[in-house]
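Spelled out, the chains give:
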Amino acid sequence: MNINNWFTIEEIDSMTFAISEYGHWEKVHSYLVIGDEYAALIDTGIGICNIKRVVDQLTSLPIKVITTHVHWDHIGNHGLFDEIYVHEFEKDWLENGMPGLPIEVIRRDVIRDITKPLPESFKIEEYEPFRGKPTALLRDNEMIDLGNRILTILHTPGHSPGHLCVYEAEQGYLYTGDLLYKGTLFAFYPTTDPLLFVKSVGKISRIEHITKILPGHNEMDLNKNFITEVNRACQDLLNKGLARHGSGVHEFKDVKIYF
Ligand SMILES: [Zn+2]
Ligand SMILES: [Zn+2]
């Protein structure tokens, strides 16, 4: 199978690309952000197909992989890159695996509801989430200079302890990972934290200059009002004492949150 059949490449601008996996039910997006000296790859996808070959077609610059969080659907191709960055609170997961999710459950989710042919070389019985040492750890407000393009790391815990969003102040691009996308947002695992999730949504809702929201899953067409809506939903849950584990699935007009 041609790799370009598995990945869909969408040009956000001439130096920024979404690399999407629409053949998988999770519709995962990774993002290639190209500066003058380095390129950043924000997440590396599910690991069904080799994302590096797509990246190599788009840039020859050295790649810095920035991990929004250490869930299997965002670290699938980390092993193909030399420079990996993760928030300090998920260093241990990157090195030793995320606790509490059996490999059978992960493998079932990796291959269910696939709508595109899988690469012939892919064997689900060999699928394992990446484990390895990061090059360096990231902290809130840290800046990564790609050469004429600066990414700011925003620690946005809740969905996971070291979850981060990436913000490009100049362009007004906000890469939101799993903190915010269209579809059911969640913080119901034992390793999640609904209160921190609410706080993190509040944090990104205070960013003034946003021209594009670039989510970790599903539809790409989001506008700033969507952050306002999610924030309003979160504040409503907080006020009602529902920002806690086990409170269930909460449905709003365009927002669904599962605590
Ligand atoms: Zn996640
Ligand atoms: Zn995800």
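Quick caveat: nothing in here was measured; it's all calculated off a predicted structure.

(A) Region of the structure containing the overall build of the protein. Secondary structure summary: the protein contains six helices and 15 strands in total. Compactness check: the protein gives a C-alpha radius of gyration of 17 Å against a globular reference of 18 Å for 259 residues, within 12% of the reference. Oriented by its inertia axes, the alpha-carbon framework of the protein measures out at about 50 × 45 × 30 Å. Here the protein holds 259 residues, and 53% of them are scored as buried. In the protein, 62% of the contacts between residues at least 6 apart in sequence involve partners at least 24 apart. A total accessible area of about 11,500 Å² is found for the protein, and carbon and sulfur atoms account for 48% of it. Between the mean site of the 25 positive side-chain charges and the mean site of the 37 negative ones, the protein shows a separation of 5 Å.

(B) The arrangement of the coordination of the zinc ion (ligand 2) in detail. Only D73 (OD), H74 (NE2), D178 (OD) and H217 (NE2) from the protein reach the zinc ion (ligand 2) as donors, at distances of 2.1 to 2.5 Å. Taken together, the four donor atoms surrounding the zinc ion (ligand 2) define angles of 93 to 148 degrees at the centre, an arrangement classified as irregular. One chain supplies every donor to the zinc ion (ligand 2), and in sequence these donors are spaced D-H-x103-D-x38-H. A spacing of 3.4 Å is found between the zinc ion (ligand 2) and the zinc ion (ligand 1), which share D178 as a donor. Of this pair, H74 sits in the loop between β5 (63-66) and β6 (83-87) while D178 is found in the loop between β11 (173-177) and β12 (184-186), placing the two residues 104 residues apart along the sequence. A relative accessible area of 0% means that H74 is categorised as buried. Residue classification places D178 among the buried residues on the basis of a relative accessible area of 2%.

(C) How the structure looks around the coordination of the zinc ion (ligand 1). Only H69 (NE2), H71 (ND1), H159 (NE2) and D178 (OD) from the protein coordinate the zinc ion (ligand 1), and they sit 2.1 to 2.3 Å from it. The coordination sphere of the zinc ion (ligand 1) comprises four donor atoms, whose angles at the metal cover 89 to 173 degrees; the geometry is irregular. All donors of the zinc ion (ligand 1) come from a single chain, and their spacing in sequence reads H-x1-H-x87-H-x18-D.

(D) Layout of the sheet that holds strand β14 (residues 249-251). If you trace the three strands from one edge of the open sheet to the other, you get β12-β15-β14, paired in mixed fashion. A strand with exactly one partner marks an edge of an open sheet, and here the two such strands are β12 and β14. Along the sheet, successive strands turn relative to each other by an average axial angle of 25 degrees, direction set aside. Inspection of the sheet shows β12 paired to strand β15 (residues 256-258) by three bridges, in the parallel sense.

(E) How the structure looks around the packing of aromatic side chains. The full count for this structure, using the stated rule, is eight aromatic pairs. Judged by centre distance (5.5 Å) and plane angle (65 degrees), the rings of F186 and Y189 are edge-to-face. Each member of the aromatic cluster is reached from another via a ring pair, and the members are F186, F188, Y189 and Y258. One residue, K64, lies across the ring of Y38, its end atom 4.1 Å from the ring centre. We note K182 situated over the ring of F226; from NZ or CZ to the ring centre the distance is 5.4 Å.

(F) Helix α2 (residues 51-58), seen in detail. Within α2, the full set of buried residues consists of I51, V54 and V55. Seen end-on, α2 carries its buried residues on one side only, within an arc spanning 100 degrees. N-capping of α2 is provided by N50, with a side-chain oxygen placed 2.8 Å from the backbone N of K52.

(G) The pattern of salt bridges, seen in detail. Evaluation of the coordinates by the stated rule reveals 13 salt bridges. E83 is the partner of K64 in a salt bridge, and the nearest nitrogen-oxygen pair spans 3.3 Å. Here K64, found in strand β5, pairs with E83, found in strand β6; they are 19 residues apart in sequence, far enough to count as distant. Here E83 falls in the partly exposed class, since its relative accessible area comes to 21%. Linking D109 and R112 is a salt bridge whose minimum nitrogen-to-oxygen distance equals 3.0 Å. The partly exposed category is assigned to R112, whose relative accessible area is 33%.

Rules used throughout
- Residues numbered from 1 in each chain as written.
- Chains lettered and ligands numbered in written order.
- Predicted model: local features only at pLDDT ≥ 70, side-chain atom pairs only at ≥ 80, totals over all residues.
- Heavy atoms only, no water.
- Helix = DSSP H or I, 4+ residues; strand = E, 2+ residues; numbered from the N terminus.
- Rg over C-alpha atoms; globule rule 2.2 N^0.38 Å.
- Buried < 20%, exposed > 50% of the residue type's maximum accessible area, 1.4 Å probe, protein only.
- Contact = heavy atoms within 4.5 Å.
- Areas by Shrake-Rupley, 256 points an atom, 1.4 Å probe, with all protein chains shown as cover.
- Lys, Arg positive; Asp, Glu negative; His and termini not counted.
- Charge placed at Lys NZ, Arg CZ, Asp CG, Glu CD.
- Donors = N, O, S within 2.8 Å, 3.2 Å for Na, K, Ca; no water.
- Tetrahedral: all angles 85-135°; square planar, octahedral: opposite > 155°, others 65-115°.
- Pairing = 2+ DSSP bridges.
- Axes fitted to C-alpha atoms, helices over the stretch in contact; angles between N-to-C directions.
- Phe/Tyr/Trp six-rings, centres within 6.5 Å; stacked < 30°, edge-to-face > 60°.
- Lys NZ or Arg CZ within 6 Å of the ring centre and 35° of its normal.
- Arc of directions from axis to C-beta.
- Polar contact = N/O pair within 3.5 Å; in protein donor to acceptor, adjacent residues only side chain to side chain.
- Salt bridge = Lys/Arg side-chain N within 4 Å of Asp/Glu carboxyl O.

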